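Here's the letter readout for the chains.
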Amino acid sequence: MFAGKLIHRLFMLAGFLVVSTAASGQGFKNSELNGENPTKRAGVWTMALQEGLCDGRSYGDGRGESDCLNGNIRSQLQGRDSKMGRTVEYSFDVLIPSNFRYRESLRYRKRGSIEIAGWSHIRAIKNHLYEMHLTERAVTFEDRVCFDRSRFGEWNSVRIRVKWSLKEDGVLQVLCNGTQVYAIQGQNLIPPGCGTSIKSNCHTEKLAHGNPIRWKIGPWYRGFGPDWKEYGRSSPFLPFPPNGVSIKVRNLYQGKLKPL
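An account of the accompanying structure is given in this report. What you see is a predicted model; the values in this text were computed from it and never measured.

Each value, and the rule that gives it
- Residues numbered from 1 in each chain as written.
- Predicted model: local features only at pLDDT ≥ 70, side-chain atom pairs only at ≥ 80, totals over all residues.
- Heavy atoms only, no water.
- Disulfide = S-S within 2.5 Å.
- Helix = DSSP H or I, 4+ residues; strand = E, 2+ residues; numbered from the N terminus.
- Buried < 20%, exposed > 50% of the residue type's maximum accessible area, 1.4 Å probe, protein only.
- Phe/Tyr/Trp six-rings, centres within 6.5 Å; stacked < 30°, edge-to-face > 60°.
- Lys NZ or Arg CZ within 6 Å of the ring centre and 35° of its normal.
- Pairing = 2+ DSSP bridges.
- Axes fitted to C-alpha atoms, helices over the stretch in contact; angles between N-to-C directions.
- Core = buried A, V, L, I, M, F, W, Y, C linked by side-chain atoms within 4.5 Å.
- Contact = heavy atoms within 4.5 Å.
- Polar contact = N/O pair within 3.5 Å; in protein donor to acceptor, adjacent residues only side chain to side chain.

1. Here we look at the state of the cysteines
As used here, a disulfide is simply a covalent bond connecting the sulfur atoms of two cysteines.
(1) Moving on: Under the definition given, this model contains 3 disulfides.
(2) Moving on: One disulfide bridge connects cysteine 146 with cysteine 176, the sulfur atoms lying 2.0 Å from each other. Where cysteine 146 bonds to cysteine 176 through sulfur, the torsion about that S-S bond is close to -105 degrees, and the disulfide is left-handed. One end of the pair, cysteine 146, is in strand S10 (residues 144-148); the other, cysteine 176, is in strand S12 (residues 171-176), with 30 residues separating them in the sequence. In this structure, cysteine 146 and cysteine 176 share a single accessibility class: buried.
(3) Moving on: Through a disulfide, cysteine 194 is tied to cysteine 202; the S-S separation comes to 2.0 Å. Classification of the bridge connecting cysteine 194 and cysteine 202 rests on its S-S torsion, roughly -95 degrees, and on that basis the disulfide is left-handed. Of the two residues examined, cysteine 194 and cysteine 202, each falls in the buried class.
(4) Moving on: Here the cysteine-cysteine linkages of the protein are recorded as 1-2, 3-4, 5-6, numbering only bonded cysteines and doing so in sequence order.

Here it is, written out as structure tokens:
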């Protein structure tokens with residue numbers, strides 16, 4: 001981990017162009033696997049899941065799986081794809097309802113089953129790189145607390161500044177409400193924990209670094225998986241949180257670095 005000033009200096013020394021204005025909110029579209037699409041009103045996106053409402057189309061990767069078969073429920077937007085070597089900032093404000101309640105039912109999912117933002121290589125399986133998770137206690141980025149439950153019901157700012165790289169020139173910096181909570185200086189396309197039980201959707205031997213990286217934002221409630229019957233379960237879907245799963249997002253941005 002590195003101090004915020006050091007990471008900022010590394011960005012500047014690398015000669016990255018920093019700009020103060022850009023077309024916020026442009027270039028985003030509905031994820032192709034949504035059960036329910038996000039809605040926008042007065043500049044605020046609402047992304048809400050409906051119990052059991054999933055997309056049944058096949059993933060098309062030869063496994064014969066789909067969100068409905070796996071018990072997955074989503075309401076997401078996706079940004080523009082980025083290639084390795086690109087420098088980009090992803091930022092947004094997010095509000096988690098103050099009445100959100102959730103108890104994880106799968107003990108082996110150390111980071112929980114609700115993801116609200118993620119970055120992964122496209123056109124490849126088990127290529128999830130980084131995620132933000134929502135639990136009853138906090139919103140986290142790779143196990144680091146972004147903001148805790150005391151800030152549910154309020155707007156929270158999130159900024160991810162990154163140069164995607166397999167070399168020493170890579171940089172990844174995550175700021176929540178202006179405070180750095182996570183940072184990597186060096187290669188960042190083989191994320192910490194990839195290939196271990198804490199990142200079950202990241203397999204080092206399958207990482208397709210030649211494929212672009214896609215950002216998705218919005219809740220994804222992951223189900224049990226396609227083999228749910230073999231474990232005597234009645235459904236691939238996990239118990240739905242009593243007050244539902246929803247987030248609000250505003251000031252959605254993907255583009256060149258903005259000043260700190």
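2. Regarding the packing of aromatic side chains
(1) Moving on: As enumerated under the stated definition, the model contains 15 aromatic pairs in all.
(2) Moving on: Pairing tyrosine 130 with tryptophan 164 gives two aromatic rings, centres 6.2 Å apart and planes at 35 degrees, and the pair type is tilted. On the criterion of sequence distance, the pair formed by tyrosine 130 in strand S8 (residues 128-134) and tryptophan 164 in the loop between strand S11 (155-163) and S12 is long-range, its members being 34 residues apart.
(3) Moving on: The exposure class of tyrosine 130 is buried, given its relative accessible area of 1%.
(4) Moving on: For tryptophan 164, a relative accessible area of 1% corresponds to the buried category.
(5) Moving on: Taken together through their ring pairs, the aromatic side chains of Phe28, Tyr90, Phe92, Trp119, Tyr130, Phe141, Trp164, Tyr182 and Trp215 make up a single cluster.
(6) Moving on: Its end group placed over the ring of tryptophan 220, arginine 74 keeps NZ or CZ at 4.3 Å from the ring centre.
(7) Moving on: When the ring centre of tryptophan 220 is taken as reference, the NZ or CZ atom of arginine 222 above it lies at 5.8 Å.

3. Considering the sheet that holds strand S2 (residues 39-41)
(1) Moving on: Here we have 7 strands laid out as an open sheet, ordered S2-S3-S15-S6-S11-S12-S13, and antiparallel in their pairing. Pairing within the sheet leaves two strands with one partner each, and these edge strands are S2 and strand S13 (179-185). Across the sheet, the mean angle separating the axes of adjacent strands is 20 degrees when strand polarity is ignored.
(2) Moving on: Of the pairings in the sheet, the one linking S11 to S12 comprises 6 bridges and is antiparallel in character. Bridge pairing links arginine 159 to leucine 175 in S12.

4. Points about the pairing of S11
A regular strand carries its side chains on alternate faces of the sheet.
(1) Moving on: Of all 9 residues in S11, 7 are buried; the element is thus mostly enclosed.
(2) Moving on: The sheet contact formed by strand S6 (residues 87-95) and S11 spans 9 bridges and is antiparallel. By the bridge assignment for S11, threonine 87 is matched with lysine 163.

5. Considering the nonpolar core
(1) Moving on: Ranked by size, the top nonpolar core spans 53 residues in total, and within it Phe92, Trp119, Met132 and Trp164 carry the most contacts.
(2) Moving on: If we skip the residues at most four places from it in the chain, tryptophan 119 touches Tyr90, His128, Leu129, Tyr130, Met132, Phe141, Ile160, Trp164, Ile213, Arg214 and Trp215.

6. A short note on the side chain of aspartate 67
(1) Moving on: Along the chain, aspartate 67 falls in helix H2 (residues 67-70).
(2) Moving on: Among the polar contacts listed, one links the side chain of aspartate 67 to the side chain of arginine 74, at a separation of 2.6 Å.
(3) Moving on: For aspartate 67, the contacting residues outside a window of four places in its chain are Leu33, Cys54, Asp55, Tyr59, Asn72 and Arg74.

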